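In case you want the letters, here they are:
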Protein chains: 2
Amino acid sequence: MKFVRVNMSILDVNIGDVPQAYQAFGGRAMTSSFINDEVKATAHPLGKNNKLIFAPGLLSGTRAPSSGRLSVGGLAPLTKTIKESNAGGTAAQKLAKLGIRGLVIEDIPAGDDFYVIVVNKDGVKIEVADKELIGLGNYEVGDKLRAKYGEKVTIVSIGQAGEFRMSAASIAVSDTEGRPARHAGRGGLGAVMGSKKIKAMIIDDAGTEELPLADPEAFKTASKKFSKAILEHPVSGEALRNYGTAVLVNILNEAGGLPTRNFATGRYDTAQKISGETMTDLIKERGGKVSHACHPGCIMGCSQIFNNAKGEYLTAGFEYETIWAFGSNCEIDDLDAIAEMDRYCDDIGVDTIEMGVTMGVAMEANIIPFGDKEGVLRLFEDIKQGTPLGRLLGCGTEVVGQVYGVTRVPTVKRQGIPAYDPRAVKGVGVTYATTPMGADHTAGYSVTANILKVGGEIDPLKADNQVKLSQDLQIATAAVDATGLCLFVAFAVLDNASALEAIVEMLNAQYGLSLTGDDVTELGKAILTAEKAFNDRAGFTKAHDRLPEFFQEEELLPHGVKFDVSEEEMDTVNRF
Amino acid sequence: MKFVRVNMSILDVNIGDVPQAYQAFGGRAMTSSFINDEVKATAHPLGKNNKLIFAPGLLSGTRAPSSGRLSVGGLAPLTKTIKESNAGGTAAQKLAKLGIRGLVIEDIPAGDDFYVIVVNKDGVKIEVADKELIGLGNYEVGDKLRAKYGEKVTIVSIGQAGEFRMSAASIAVSDTEGRPARHAGRGGLGAVMGSKKIKAMIIDDAGTEELPLADPEAFKTASKKFSKAILEHPVSGEALRNYGTAVLVNILNEAGGLPTRNFATGRYDTAQKISGETMTDLIKERGGKVSHACHPGCIMGCSQIFNNAKGEYLTAGFEYETIWAFGSNCEIDDLDAIAEMDRYCDDIGVDTIEMGVTMGVAMEANIIPFGDKEGVLRLFEDIKQGTPLGRLLGCGTEVVGQVYGVTRVPTVKRQGIPAYDPRAVKGVGVTYATTPMGADHTAGYSVTANILKVGGEIDPLKADNQVKLSQDLQIATAAVDATGLCLFVAFAVLDNASALEAIVEMLNAQYGLSLTGDDVTELGKAILTAEKAFNDRAGFTKAHDRLPEFFQEEELLPHGVKFDVSEEEMDTVNRF
């Protein structure tokens, strides 16, 4: 397997073997180890000393079910922490098939040109981007690049936000239908790509094969066992397929943990209008697809294609997080309007979570009133045009809160808090506070035992046992993020011992190893340790492993709860 | 002496004795100890848990020469560090005469009203501010409040920036002619005052006397000795009086350390046009005053009154820092235009250093071109009106740099770097990096030995001995800031042993003590230790005690120097 370094200062590509230290690493293990090793933690995120790394998971490029997740790593402009931003779409499988375990972008070119990186079986080339690409959103960029490089290539691109180097800029990854609907969204890595003047990367796997396997039969057996465990689980085998992740709208609303009106309350009167069930009804009524795989080999199909009222394509990958962020969080109960916002985010290339949380704070600041859907759409035009207000909004929640003097700013390590109120889902509150990523639900998705009764049951309203829950999940998640498996396999892993067995068996059969479940745990700890080491050097301390004070001071209705997990207990997390 | 707590939530005033722990404290010793003791370091700076404290120095309220400096303390919105922001003007002497050693503002009121705090010999009252004051700049606020409360009262106020809770908002303190020309500028404490809904504080010392002295004769003798030392020194006795602090323009330009074009080079071709010498010529030509005392009892008179070309008053207290920040830093070589900018800053209530550095970064970001003086004045109107761009600019350098994706952002701990390039004046570079205040020249003014040959001589271009120089000055400065003495007495202190003796003798004669010079050093260390303890809890580490990487990477002309003081050596600072 190969390790590629693209130097944008001298416009040179170096393709070598994977360094010895990273031989056993894929995905987040690769990105976090590499960034920790090679990037000075106090560097400017948009300066020449930051690096951007793309890494498929260990199982990517095989027929392992749902193994097509891509890890993108760097020093994050939004959080100034180390960052692994994880995306679906078709890039990871193709990079792996091309034999690429890691692709690193280094340094910054002189001059104003943007570039396109072309990766195919013949190697990696740096081309000057056509001028007509500049200033375009991801949808148009995709259309033009497919016309040039072929309909089947994968496109990894930035929209206007990445060009503007906005702190909430994402990196788009095209899905199975070529649409820029999957994103390495969190942390602003799109701005890093923009700072390195890369408008897009073309990944063309024509002429490649699936990765060779040390023991094909054993792999096939393990893979089937894994599929079975996933498909038998009610969440990954049924709920996600039928309603997408938006199935969570009603569940969280019922639990009183659906953040509403910029985290003022935990229940939204009209949640039903933006629920997964309503979305599915609309999709069925208008055409589109209720279930859709973001990458080949995904067996869960949580994605969907959402058409507008005229039956025309509007957006894909319409997630719970997005629907929550612009929905209850902004008191907008109109799925069509929210779908337009999702489309804007995908096109401009900004993180939907960050933008929704930002809009909530913009409403708290009276830039526009709560519920003003036309106002939000207007503000997206500002972002797209790069007006002063648009630049500000595109830099996310924390900076908008600062600039408008807002005190209720829901962030941790300057990153917007996702769709579970930490007072009513305390396990995920611990994750927000303590993960090296900044507020991130996926880093330790305690919603499982807190709300979904997956992997046990822990009262979400009480402080007890939340730290252990979050810690165990953070370790397991880091390991899963190294494999290229979609995090949603975790539902099966948590409830069915055969799922983890199958993952280990697939890795062993692919690489001719004899790993055990304990090795997976150790890998997870090693990843978190590397990330924490980086953050320590960047100046993060336990003072940053905290939720904003309003979560400790304001009671959340309907349950009247505050966040009360002790700081002492939280300070034990990720110290191995 | 009294200690006043004003609670803005219940609109109540508590006047008690100075707490035992603070009996020996004034000025910065009082503010930093109090904030370290009572404010949670991770609190939101604009939230109810932050506190704002005003403290005159230990010698304020006596006839000690130049002893009228006011310390204002809080958790700073700009830096998120502890902050002592030091101002001249007439407040400190009057607070001391009123017997007030510390005046604390706590909590935040409900509702939209702003308030005026009235402090006089009868006590402290909270009054609802007249509606007509809201939205006004400091000049008009002063006019209206003097009309209501009397021509002789001191006014401590915020302009529009403080009302908007902008991170660069200052607190204005009226000078000897009632003008809002002196500011607690750095760190955004005006936003804290705004968050607590206080538009102004009236300080009326009618009916009070100078503070009693334990040994009036000894005090008089010491005071004379101190005056002599100050007046005999060429800087404090002559240069400052004749040219103001702007005497430094030519000196720093000659030294190649005058930051020009957002710290791109160290020499400005047309520096002469904005020099102290030119300013003095203009003042003489147009009327105004070449020398002016910002508070009664100042014997140095570094302030001045600057009239426009028509001979009408334009601004006062026209400092080197201001002239540099908007001048060479923005490539504007027009003193009249810069004076208008100074006037805007005083009126809107924003820190001139932060705003000049911000404008430099705005130019680097192409918001306006370098040299565009009309553009800067237009942007000040944006700030005054609170447009989105104005709000952004009013929050300072770091946030403008982030929002526009700029990599050359001259800040430390999010505070703009002042008027000495750290590559060419390395001792002050150490101070910028290591003071608990964020980039601040006054915290350890190594320009003395580096450039002015005061207190010895250390090559400014070499890394050697800069850490010790900065450390010694940081300790001495913290102690001076506790006395209420103007920092400019330090020139005499550094060159003439009798000056420090005289300070100790004045303190002993006032309080009936028997302090020695060593006690002064210990006081300085204790202050820095309290400040560092706060910052540690707020999450600051040695990673934050760093200059931006471009100072290590770009050579500064004309000397071709980089900042090369070792991180290991800097990490020894303020660890006692």
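Whatever comes next refers back to the structure up there.
Residues numbered from 1 in each chain as written. Chains lettered and ligands numbered in written order. Predicted model: local features only at pLDDT ≥ 70, side-chain atom pairs only at ≥ 80, totals over all residues. Heavy atoms only, no water.

On to the nonpolar core. Within the largest apolar cluster, 193 residues are counted, with the highest numbers of intra-cluster contacts made by A:M355, A:F380, A:Y420, B:M355, B:F380 and B:Y420. Once you skip the residues sitting within four places of it in the chain, A:F380 turns out to touch A:F326, A:M341, A:Y344, A:C345, A:I348, A:V350, A:M355 and A:M359. (Core = buried A, V, L, I, M, F, W, Y, C linked by side-chain atoms within 4.5 Å. Buried < 20%, exposed > 50% of the residue type's maximum accessible area, 1.4 Å probe, protein only. Contact = heavy atoms within 4.5 Å.)

Looking now at the packing of helix α1 (residues 27-38) of chain A against helix α21 (residues 517-538) of chain A. All names here are of chain A. Look at α1 against α21: their axes get within 9 Å of each other, and the N-to-C directions meet at 30°. By the angle class used here, α1 and α21 are roughly parallel. The hand of the α1/α21 crossing is left-handed. Counting all contacts with α1, which are made through R28, A29, S32, I35 and N36, the residues of α21 involved are L523, I527, L528, A530, E531, A533, F534 and R537. Its residues assigned to classes, the contact of α1 with α21 shows eight nonpolar, two polar and three charged. (Axes fitted to C-alpha atoms, helices over the stretch in contact; angles between N-to-C directions. Helix = DSSP H or I, 4+ residues; strand = E, 2+ residues; numbered from the N terminus. Parallel < 35°, antiparallel > 145°, perpendicular 65-115°, else oblique. Left-handed = near helix turned anticlockwise from the far one by under 90°. Nonpolar A, V, L, I, M, F, W, Y, C, P; charged D, E, K, R; others polar.)

Turning to the relation of the copies chain B and chain A, a few remarks are in order. Superposing chain B onto chain A takes a rotation of 180° plus a shift of 0.0 Å along the axis, which leaves an RMSD of 0.0 Å. Interpreted geometrically, this transformation is the action of a two-fold axis. (Least-squares fit on C-alpha atoms with pLDDT ≥ 70 in both.)

What follows concerns the state of the cysteines. Scanning all chains against the criterion turns up zero disulfides over all chains. Unpaired in terms of disulfides, A:C330 finds its nearest cysteine sulfur in A:C345, a separation of 11 Å. In this model B:C294 remains outside any disulfide bridge; the closest cysteine sulfur is found in B:C298, 5.9 Å from its own. (Disulfide = S-S within 2.5 Å.)

The extent of an interface is frequently quoted as the accessible surface area lost upon association of the parts. Taken together, the 35 residues of chain B in the interface contact 35 residues of chain A. Surface buried jointly by chain B and chain A totals about 3,000 Å² across both partners, of which 48% is contributed by carbon and sulfur atoms. Counting across the interface, chain B meets chain A through four salt bridges. One salt bridge in this structure joins A:E398 and B:K80, with 3.8 Å as the shortest N-O distance. Seen at the junction of chain B and chain A, the total is 18 residue pairs in polar contact (both at pLDDT 80 or more). When residues of the side of chain B that touches chain A are traced back to their parent elements, those giving at least two are α14 (388-393), α15 (397-403) and α21 (517-538) of chain B. Taken together, the residues of the side of chain B that touches chain A break down into 13 nonpolar, eleven polar and eleven charged. (Buried area = accessible area lost by both parts, 1.4 Å probe. Salt bridge = Lys/Arg side-chain N within 4 Å of Asp/Glu carboxyl O. Polar contact = N/O pair within 3.5 Å; in protein donor to acceptor, adjacent residues only side chain to side chain.)

Here we come to the sheet that holds strand β11 (residues 182-184) of chain A. All names here are of chain A. Pairing is mixed across the open sheet formed by six strands, whose spatial order is β8-β7-β12-β9-β10-β11. Every other strand in the sheet has two partners, leaving β8 (123-128) and β11 as the edge strands with one partner each. The mean inter-strand angle of the sheet, taken between neighbouring strand axes irrespective of direction, is 20°. Inspection of the sheet shows strand β9 (residues 154-157) paired to strand β10 (residues 171-173) by two bridges, in the antiparallel sense. Directly across from V156, in β10, lies its bridge partner V173. Each of β7 (115-120), β8, β9, β10, β11 and β12 (198-203) is contacted by helix α3 (residues 138-149), which is oriented at about 140° to β9, the strand it contacts most. (Pairing = 2+ DSSP bridges.)

Residues and elements named next belong to chain B. Orientation of helix α11 (residues 335-348) relative to helix α13 (residues 373-385), taken along the N-to-C sense of each, is 10°, at an axis distance of 10 Å. Between α11 and α13, the interaxial angle falls into the category roughly parallel. Across the interface between the two elements, A337, E340, M341, Y344, C345 and I348 of α11 pack against K373, V376, L377, F380, E381, I383 and K384 of α13. Looking at side-chain class alone, the contact of α11 with α13 contains nine nonpolar, no polar and four charged residues.

Another aspect to go through is helix α11 (residues 335-349) of chain A. Residues and elements named next belong to chain A. Spanning 15 residues, α11 covers 20 Å between terminal C-alpha atoms, matching the ideal 21 Å at 1.5 Å per step. Along α11, twelve of the 15 residues are buried, which leaves the element largely enclosed by surrounding structure. Within α11 the residues assigned to the buried category are L335, A337, I338, A339, M341, D342, Y344, C345, D346, D347, I348 and G349. Sitting at the amino-terminal end of α11 is D334, which places a side-chain oxygen 2.9 Å from the backbone nitrogen of D336. (Expected span 1.5 Å × (residues − 1).)

Okay, the environment of A:V13 next. All names here are of chain A. Its place among the elements puts V13 in strand β2 (residues 12-17). Placed 113 residues apart in sequence, V13 and I126 show a C-alpha to C-alpha distance of 7.9 Å. Sequence-distant contacts of V13, that is, excluding residues within four places in its chain, are made with V4, R5, V6, V124 and I126.

All right, on to the pairing of strand β15 (residues 313-316) of chain B then. Residue and element names in this part refer to chain B. In the sheet, strand β14 (residues 303-307) pairs with β15 via three bridges, with the strands oriented antiparallel. Of the residues in β15, the one forming a bridge with F306 is T315. A loop of five residues connects β14 with β15, the two strands running antiparallel in sequence, and G311 in this loop sits at a positive phi of about 85°.

So, about the environment of A:I155. All names here are of chain A. For I155, the location among the structural elements is in strand β9. Residue I155 is classed as buried on the basis of its relative accessible area, which comes to 4%. The spatial distance from the C-alpha of I155 to the C-alpha of L145 is 7.7 Å, given a sequence separation of ten residues. With residues near it in sequence (within four places) discarded, I155 still touches G142, L145, R146, A172, V173, S174, A200, M201 and I202.

Before going further, it helps to spend a moment on the packing of aromatic side chains. Under the definition given, this model contains 30 aromatic pairs over all chains. Aromatic pair A:Y22 and A:F25: ring centres 6.4 Å apart, planes at 25°, arrangement stacked. Here the two residues A:Y22 and A:F25 agree in accessibility, since each one is buried. Joined through ring pairs, the aromatic side chains of A:Y320, A:Y420, A:Y445, A:F488 and A:F491 make up one cluster. Looking at A:R408, its charged tip hangs above the ring of A:F550, at a distance of 4.5 Å from the centre. Directly above the ring of B:Y313 sits B:R179, whose terminal nitrogen or CZ lies 3.6 Å from the centroid. (Phe/Tyr/Trp six-rings, centres within 6.5 Å; stacked < 30°, edge-to-face > 60°. Lys NZ or Arg CZ within 6 Å of the ring centre and 35° of its normal.)

Residues and elements named next belong to chain A. The antiparallel open sheet is built from three strands, whose spatial order is β13-β14-β15. The outermost strands of the open sheet, each flanked by one partner alone, are β13 (289-292) and β15 (313-316). Strand after strand, the sheet turns through a mean of 25° between neighbouring axes, direction not considered.

The next point concerns the side chain of B:N508. With respect to the helices, strands and loops of the structure, B:N508 is situated in helix α20 (residues 497-511). Those residues in contact with B:N508 that lie beyond four places of it in its chain are B:L513, B:S514 and B:L515.

Turning our attention to the pattern of salt bridges. Any two side chains of opposite charge can pair, so long as their charged atoms come close to each other. Tallied over the full model, the rule gives 83 salt bridges over all chains. Notably, a salt bridge pairs B:D336 with B:R286, separated by 2.6 Å at the nearest N-O pair. Of this pair, B:D336 sits in helix α11 while B:R286 sits in helix α9 (residues 276-286), placing them 50 residues apart in sequence. By relative accessible area, which is 25% here, B:D336 ends up partly exposed. A single salt-bridge network, built from bridges that share partners, covers A:R5, A:E38, A:K51 and A:E106.

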